[in-house]
Amino acid sequence: MMNKEQYLLYFIMGSNNTDKDPEEALREAVQGGITCFQFREKGEDAREASGKKELAQRLQVICREAGVPFIVNDDVDLALELGADGIHAGQEDTPLRDIKKRCSGSMTVGVSAKTKAEAEQAVQDGADYLGAGPMFATSTKEDAEAPVGPETVRMLRQSGITLPIVGIGGIGTENAASVMEAGADGVSVISAISRAPDIQQAAQSLRNVLR
Ligand SMILES: Cc1ncsc1CCOP(=O)(O)O
Ligand SMILES: C=C1C=NC(C(F)(F)F)=NC1=N
Ligand SMILES: [Mg+2]
């Protein structure tokens with residue numbers, strides 16, 4: 001199970017989020033100080049089946065060596081096969097109740113939630129953390145909805161949600177602090193790190209503005 005500090009800089013990446021070798025990209029991000037990693041192999045050119053599993057296994061080794069939690073997006077079978085540290089489910093993905101039935105108590109389960117109702121349902125279903133967003137405009141998630149802003153994090157806190165919350169969507173060094181100030185435990189980032197010319201530097205710069 002993860003402690004709150006591990007959500008501080010939650011990197012998410014799949015092979016189509018970087019022009020670099022994904023393993024090299026993750027190594028640099030780990031060097032730069034990410035505190036958690038989610039393997040999210042989705043969208044155009046995403047690898048499937050054995051290609052996806054092989055890549056996941058290699059990224060999992062990098063995380064294990066660094067003591068960084070390895071979380072799988074959406075694919076419960078893969079998460080279980082790999083013995084991942086956690087799984088992340090979107091609102092349109094496998095219902096949390098079904099995931100919890102299949103996953104041992106030691107697996108961290110995260111849910112996307114942007115409304116009070118979604119958050120309260122997730123708490124009731126036993127979620128360990130919430131991903132709220134998109135905080136700002138993003139072109140990384142093809143079907144991202146309109147940005148909701150950090151005020152959504154503040155609203156969830158004011159609604160009494162005490163679960164760890166990470167903000168996600170369009171986050172970089174210039175706006176990460178506003179997400180933390182709104183009450184998030186961390187920020188989740190894809191392109192500000194995965195598309196950076198110097199990935200290690202990008203991760204380090206984000207760490208520096210977070211704490
Ligand atoms: C997966 C996801 N969910 C909401 S926005 C998003 C994409 C975040 O990517 P980026 O950090 O590049 O904006
Ligand atoms: C759609 C998503 C929303 N939030 C998160 C996280 F940051 F991990 F909470 N991951 C996702 N894949
Ligand atoms: Mg999803």
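Residues numbered from 1 in each chain as written. Chains lettered and ligands numbered in written order. Predicted model: local features only at pLDDT ≥ 70, side-chain atom pairs only at ≥ 80, totals over all residues. Heavy atoms only, no water.

## Describing the site of ligand 2
Contacts to ligand 2 come from Tyr 10, Ile 12, Gln 38, Arg 40, Asn 73, His 88, Ser 112, Tyr 129, Gly 131, Val 166, Ile 168 and Ser 188. Look at ligand 2: alone it shows 310 Å² of surface, and the protein chains cover 92% of it. Among the secondary structure elements, those contributing two or more residues to the shell around ligand 2 are strand 1 (9-13), strand 6 (129-132) and strand 7 (165-168). Across the shell around ligand 2, the residue classes break down as 5 nonpolar, 6 polar and 1 charged. (Near = heavy atom within 4 Å. Areas by Shrake-Rupley, 256 points an atom, 1.4 Å probe, with all protein chains shown as cover. Helix = DSSP H or I, 4+ residues; strand = E, 2+ residues; numbered from the N terminus. Nonpolar A, V, L, I, M, F, W, Y, C, P; charged D, E, K, R; others polar.)

## Considerations on the site of ligand 1
Surrounding ligand 1, one finds Arg 40, Thr 138, Thr 140, Lys 141, Ile 168, Gly 169, Gly 170, Val 189, Ile 190 and Ser 191. Within the side chain of Thr 140, an N or O atom sits 2.5 Å from an oxygen atom of ligand 1. Within the backbone of Gly 170, an N or O atom sits 2.7 Å from an oxygen atom of ligand 1. When ligand 1 sits alone it has 380 Å² of accessible area, and the protein chains cover 92% of it. Classifying every residue of the shell around ligand 1 gives 3 nonpolar, 5 polar and 2 charged. (Polar contact = N/O pair within 3.5 Å; in protein donor to acceptor, adjacent residues only side chain to side chain.)

## Focus on the pattern of salt bridges
Scanning all chains against the criterion turns up 16 salt bridges. The salt bridge involving Lys 4 is made with Asp 185; its shortest N-O contact spans 3.9 Å. Residue Lys 4 is located in the segment before strand 1, and its partner Asp 185 is located in the loop between helix 7 (176-181) and strand 8 (186-189); the two are separated by 181 residues in the primary sequence. The partly exposed category is assigned to Lys 4, whose relative accessible area is 37%. Here Arg 27 makes a salt bridge to Glu 23, at a shortest N to O gap of 3.8 Å. You can see Arg 27 and its partner Glu 23 sitting in helix 1 (residues 22-32), 4 residues apart, about one turn around the helix. Using a relative accessible area of 38% as the deciding quantity, one classes Arg 27 as partly exposed. What emerges from the salt-bridge pattern is a single network uniting Glu 23, Glu 24, Arg 27 and Arg 58. (Salt bridge = Lys/Arg side-chain N within 4 Å of Asp/Glu carboxyl O. Buried < 20%, exposed > 50% of the residue type's maximum accessible area, 1.4 Å probe, protein only.)

## Regarding the packing of helix 1 against helix 9 (residues 199-210)
At a minimum axis distance of 7 Å, the contact between helix 1 and helix 9 shows a crossing angle of 35°. The way helix 1 lies across helix 9 gives a crossing that is right-handed. Across the interface between the two elements, Ala 25, Glu 28, Ala 29, Gln 31 and Gly 32 from helix 1 touch Ile 199, Gln 200, Ala 203, Gln 204 and Arg 207 from helix 9. Across the contact of helix 1 with helix 9, the residue classes break down as 4 nonpolar, 4 polar and 2 charged. (Axes fitted to C-alpha atoms, helices over the stretch in contact; angles between N-to-C directions. Left-handed = near helix turned anticlockwise from the far one by under 90°. Contact = heavy atoms within 4.5 Å.)

## Structural notes on the packing of aromatic side chains
For the coordinates displayed, the defined rule picks out 4 aromatic pairs. With a centroid separation of 5.8 Å and an interplanar angle of 65°, the aromatic rings of Tyr 10 and Tyr 129 are classed as edge-to-face. Here Tyr 129 lies in strand 6 and Tyr 10 lies in strand 1, a separation of 119 residues in the sequence. An identical accessibility class is assigned to Tyr 10 and Tyr 129; each is buried. In this structure an aromatic cluster arises from ring pairing among Tyr 7, Tyr 10 and Tyr 129. (Phe/Tyr/Trp six-rings, centres within 6.5 Å; stacked < 30°, edge-to-face > 60°.)

## A few points about the packing of helix 1 against helix 2 (residues 49-66)
Look at helix 1 against helix 2: their axes get within 10 Å of each other, and the N-to-C directions meet at 20°. When the axis of helix 1 is compared with that of helix 2, the two are roughly parallel. Relative to helix 2, the crossing made by helix 1 is right-handed. Residue-level inspection shows Pro 22, Glu 23, Leu 26, Arg 27 and Val 30 of helix 1 in contact with helix 2, the latter providing Leu 55, Arg 58, Leu 59, Ile 62, Cys 63 and Ala 66. Tallied by class, the residues present in the contact of helix 1 with helix 2 amount to 8 nonpolar, no polar and 3 charged. (Parallel < 35°, antiparallel > 145°, perpendicular 65-115°, else oblique.)

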